[in-house]
Amino acid sequence: MATLVSTLFISLDGVAEIDPEWHFPYFDDNMAAAVDDDYQEVDVLLLGRVTYDSFAGAWPDREAAGEEDAEFAKRLGDTRKVVATRGDQDLGWRHVERLDGDLVERVRALKAEPATRRILVAGSISVVRQLLAAGLLDELRLLVHPVAARAGERLFDEGEPRYPLTLLRSETFPTGVVRLVYAPAEAPADTSYEDVKDKVPSGAE
């Protein structure tokens, strides 16, 4: 089965809907290296329609312009892109296809394709939520910015069940951005205050 990875820029208060005003001031060489790592050996880029529209509306022009970001733009263009959308209009980029039918079922099938080793979900908050709920996500990669955005769509909505996670690795950048890589985990054992009160500080100096 292919590994399914989500990568998101996110604020301290959980907003994953990027606002350039709080995102770009923290984008440095360290974050660029983290993004490059996320896109290494990606066979399929899985995108929600809103995220896809933002990609398709910018990266083809950046590739054509031939500036510093053209190489990454070409990498995106050359990658197979699968778009979760209910629309039937032309998606207007090369190597792009529509994901028809139930998202969860189609992603399960995508993960099972023999030639697919790694699927990356960039942004696409609603897609990530559905994949988390279905237990299909293998890694959740967060670039946490040191700012409370105070407005915008948050990654985690209210509801059940909880999503226990295990921290695979972390890295702190000079800007204060923290890169956190999580994987789904089993829920910890039920624990009450009585189970931990022996760990309460004694107050002795």
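Residues numbered from 1 in each chain as written. Predicted model: local features only at pLDDT ≥ 70, side-chain atom pairs only at ≥ 80, totals over all residues. Heavy atoms only, no water.

*Asks:* It is not clear to me how the confidence of the model for the chain should be interpreted in this structure. Could you clarify?
*Replies:* Across the chain, the average pLDDT comes to 93, with 99% of residues at or above 70. The lowest-confidence element of the chain is helix H8 (residues 193–196), averaging 91 in pLDDT; the highest-confidence one is strand E6 (residues 139–145), averaging 98. (pLDDT = per-residue confidence, 0-100. Helix = DSSP H or I, 4+ residues; strand = E, 2+ residues; numbered from the N terminus.)

*Asks:* Can you walk me through the sheet that holds strand E4 (residues 96–99) in this structure?
*Replies:* Working definition: the strands of a sheet are paired by backbone hydrogen bonds and lie parallel or antiparallel to each other. Across the sheet, which stays open at both edges, the eight strands sit in the order E4-E3-E2-E5-E1-E6-E8-E7 with mixed pairing between neighbours. Each edge of the open sheet is held by one strand with a lone partner, namely E4 and strand E7 (165–172). Neighbour to neighbour, the strand axes of the sheet diverge by 25° on average, direction disregarded. Of the strands in this sheet, strand E2 (44–48), strand E3 (80–84), E4 and strand E5 (118–122) are in contact with helix H3 (residues 49–56), which crosses E2 at around 115°. (Pairing = 2+ DSSP bridges. Axes fitted to C-alpha atoms, helices over the stretch in contact; angles between N-to-C directions. Contact = heavy atoms within 4.5 Å.)

*Asks:* Would you mind showing me how to read the pattern of salt bridges here?
*Replies:* Two side chains carrying opposite charge are able to pair once their charged atoms lie near each other. Evaluation of the coordinates by the stated rule reveals 18 salt bridges. When the shortest N-O distance is used, the salt bridge between Arg141 and Glu139 registers 2.9 Å. Comparing Arg141 with Glu139, the two get one shared label, buried. Residues joined in a network through salt bridges with shared partners are Asp37, Asp38, Glu139, Arg141 and Arg179. (Salt bridge = Lys/Arg side-chain N within 4 Å of Asp/Glu carboxyl O. Buried < 20%, exposed > 50% of the residue type's maximum accessible area, 1.4 Å probe, protein only.)

*Asks:* Any chance you could explain the side chain of Thr7 here in plain terms?
*Replies:* Relative to the helices and strands, Thr7 is located in strand E1 (residues 3–11). Judged by its relative accessible area of 11%, Thr7 is buried. Looking at Thr7, its side chain comes within polar contact range of the side chain of Asp38, at 2.7 Å. When sequence neighbours within four positions are dropped, the list of residues in contact with Thr7 reads Asp38, Leu120, Val121, Ala122, Gly123 and Arg141. (Polar contact = N/O pair within 3.5 Å; in protein donor to acceptor, adjacent residues only side chain to side chain.)

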